[in-house]
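Below, each chain spelled out in residue letters.
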Amino acid sequence: MSLLRRLWLSVVLAMLAVLLATWAVSIATSRLYLQQQLLAQGADAAVSLAMSISQRGDDPAMAETLVNALFDSGHFQQVRYTDVRGQVVVERQRTATLPGTTVPDWFKAVVPLQAAPGEALVSNGWQQAGRVTVVASTQYAYVALWRGTLLLGGLLALTGLLWGLGITALVRWLRRPLKHMADQADAVGNGHFHTIEEPRVVELRSMAHALNRMVARVHAMFAEQAAQIRRLHGEATRDPVTQLPNREFFVGALRNALDPDADDPAGGLLLLRVGNLASLNRQLGRERTDRWLAAMAKVLAGVLPTEGDHVLARLNGADFAYLCPGAEPARLADLAARAHAAALSLLEAQGTELPGGFGMPLPQGDAANTDLGALPSGFATLATDFSPLPEGAAASAPAGPVSGWADLAPRPQAARIDVAHGHWHRGERPGEVMARLDAALMSAEGAVQGIAEASSPGSPSLAVGESAWDALLQQALQEQRFTLVFYPVCQTDGSLIHHEAMLRMAPPPGAPPGSPLLSAGQFMPAALRLGWVQECDLIATRLALDGLQRTPAPVAVNLSPRSLVDPSFLPRLDALLREHPAQCQWLSFELSERGLEEHVDALALLAQLLARHGCRLGVEHFGRQLALLPRLHELQLHYLKIDGSFVASVEGSESYRRLLRAMVEVARGLGVEAYAEQVSSHGQWRALAALGIGGVTGPAVTRYLNR
């Protein structure tokens, strides 16, 4: 029983004792008073009757008449007149109950009333003629006492009820600030910071004040870190004029898309160039040209979707680029035509609004200060997770319907728009892809329509229908035609941390001898769509455990966040780990940050399962949703791997170095190790080591260990 509840119970019991005692004393006092009143009434009536009989002389008839008159008044229980010899001359005694004087018998037994008789002498001259005895009736007294008792009991009950409600309200009032302080402490543990109103109770006010100060300081500390990361992220990844991703970010995204283990086997790339931008800058001035470029970015963002891994970026002063993984040739050609038409509409608009088909709704709420609407997924997430863009970072485009040349002076006739689009395949080098697009852009500059398509990469990808993929995956799962390929993850001094196990599938039946294994990027998209991804993850785990039985060494297995949705996955994984208890200590599991936010609750269950078996938990491709870090810390995350798009420019970009250093410091502050992915050169390795990164992986690490 709580202290407040005990206090409330003791007060209520004391209150009941006081009220009952008050009631008992009041009833006893009223009883004594009524008995005295009955005695006085009887005595007064006896004296009056004796005087009346004495005045009439020795007349028995008159005496009887006077006795009857007094008795019939109804207030007397007995009226008796006796002579000097003690013989009764006249006597009247009441045995029936008077109307309206009914009182419960139990009340009469509990509170008895006894009326003492009143007596007076009757004289005849100077001689005594007799004696008059009068006993007052207790029936009216009982009625008065009963009604008074009921009224007093009701008042005391009402008083007790109000008193009890007051005590209850007081206890609740005291409990509320205590609960608020407990909730505040729990909220701080969960990463939420809010202050509470200081209670009026002096004893609790100092405690609440101290808690509020602590919450304010912790919140300020995290807000300062978030603001620093937001600022560094904006400096490293955003173009200051258009607020689109900059060249470094785009190159990193393109390198990820071309990685052999990427999800999409192919995709599209679009380049758009504003011709004679230097001439435009001379005619309009830098400030107005920047405003026009911001308007151009907004128009392009309105016609080019930026969901998922699609990225719209500004490469340099005159060039914009759009990366579209998974786009088919027809879709890419349509997007190129729409972007070209929208850009031309902005060029041709002179003091008028853009055509309705190319407009983009102005951002509302927190995003309003960007002046550019929603940014590409994965780029805007970092800023959105903490707050809008840094103050002063918004482009200066007009806050209304976009007009290309309104208030910018007459349109220069030399300005033009050229667009090139082309396809790429997984495994190509970024330089080769950009070279093809640049050649196509040169062709577009001489074309009538200003649009050109790049040449084919000449590296066809595996392409089969869903039904064929379904049959292929089922057969591979039944025949266990999978294997693991290992890539090292090392500390910056070269010592091994663990090997990352990547799942590979044997070539389909009928493939030419010597055909290479299919990477996860080739068959995993089909497995995700057809619902076989959880089976692939379980096979990868089983293969890793079998290998650990032969050669114990740290190994990390990739899991798909989509597997956590299957209700049977975690029980099956639990059973598989229970079969190999000795190998669990060597095993780590990694999930991609992409798509992890919508499965955080399921990730908590996975974290509990892995903790029971002694396995480690990590997140790969991290960096776009830094707001997940506190929640991942609650799940006892052991390490995270920073996405390669942030690593690609670490040697030549001070902004990226500051951003990576901030990420590492925040991760370490939460007790999480930070590793870097896709380290391709020893220069990047050295730069990352200087930033305090905990580990590295990528081609440079593989070459180092295989030297």
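Residues numbered from 1 in each chain as written. Predicted model: local features only at pLDDT ≥ 70, side-chain atom pairs only at ≥ 80, totals over all residues. Heavy atoms only, no water.

Colleague: How should the pattern of salt bridges be read in this particular structure?
Modeller: For side chains of opposite charge, pairing can occur when their charged atoms come near one another. According to the stated counting rule, one finds 15 salt bridges in the structure shown. Taking the shortest distance from any N to any O, the salt bridge between Arg331 and Asp334 comes out at 3.9 Å. With Arg331 and Asp334 both in helix H9 (residues 329–348), this residue pair falls three residues apart, about one helical turn. Given the relative accessible area of 38%, Arg331 is considered partly exposed. Here the salt bridges do not stand alone but share partners, grouping Glu500, Glu590 and Lys641 into one network. (Salt bridge = Lys/Arg side-chain N within 4 Å of Asp/Glu carboxyl O. Helix = DSSP H or I, 4+ residues; strand = E, 2+ residues; numbered from the N terminus. Buried < 20%, exposed > 50% of the residue type's maximum accessible area, 1.4 Å probe, protein only.)

Colleague: Please explain the pairing of strand E15 (residues 639–642) as it appears in this structure.
Modeller: Each regular strand shows side chains that alternate between the opposite faces of the sheet. Burial along E15 is two-sided: the face carrying Tyr639 and Lys641 and the face carrying Leu640 and Ile642 are both buried. By the bridge criterion, three bridges tie strand E14 (residues 616–622) to E15 in an arrangement that is parallel. Among the inter-strand pairings, Val619 is bridged to a residue of E15, identified as Leu640. The β-α-β motif built from E14, the intervening helix H17 (residues 629–634) and the parallel element E15 has right-handed crossover chirality. Inspection of the sheet shows E15 paired to strand E16 (residues 673–676) by four bridges, in the parallel sense. Residue pairing for E16: Leu640 is matched across the bridge by Ala674. (Pairing = 2+ DSSP bridges. Right-handed = clockwise from strand over helix to strand, strands pointing away.)

Colleague: Can you walk me through the sheet that holds E16 in this structure?
Modeller: Hydrogen bonding along the main chain pairs the strands of a sheet, whether they run parallel or antiparallel. Around the barrel, eight strands lie side by side as E10-E11-E12-E13-E14-E15-E16-E17; this closed barrel has mixed pairing. Mean inter-strand twist for the sheet, computed between neighbouring axes without regard to direction, equals 30°. Relative to strand E17 (residues 695–697), strand E10 (residues 482–490) is paired through two bridges, and the arrangement is antiparallel. Considered in E17, the bridge of Cys490 is made with Val696. Along the sheet face, helix H14 (residues 533–550) touches E10, strand E11 (496–505), strand E12 (555–559) and strand E13 (587–592) and points at about 170° away from the line of E12. (Axes fitted to C-alpha atoms, helices over the stretch in contact; angles between N-to-C directions. Contact = heavy atoms within 4.5 Å.)

Colleague: Which parts of the structure should I look at to understand the pairing of E12?
Modeller: E12 sits mainly inside the fold: five of its five residues count as buried. In E12, alternate side chains face the same way, and those of Val555, Val557 and Leu559 on one face and Ala556 and Asn558 on the other are all buried. With three bridges connecting them, E11 and E12 associate as parallel partners. In the sheet register, His499 faces E12, and the bridge partner there is Val555.

Colleague: How should I be thinking about the environment of Asp566 in this particular structure?
Modeller: By the secondary structure assignment, Asp566 is in the loop between E12 and helix H15 (569–578). Along the backbone, Asp566 and Ala602 are 36 residues apart, and their C-alpha atoms lie at a distance of 9.7 Å.

Colleague: Honestly, the sheet that holds strand E9 (residues 451–453) in this entry has me stumped. Any pointers?
Modeller: Pairing in this open sheet of five strands is mixed, and the strands run E6-E7-E5-E8-E9 from one edge to the other. At either margin of the open sheet sits one strand with a lone partner, and together these are strand E6 (311–314) and E9. On average, each strand axis in the sheet is inclined to that of its neighbour by 15°, with strand direction left out of account. Two elements, strand E5 (residues 266–275) and strand E8 (residues 416–425), share 10 bridges in a ladder whose sense is antiparallel.

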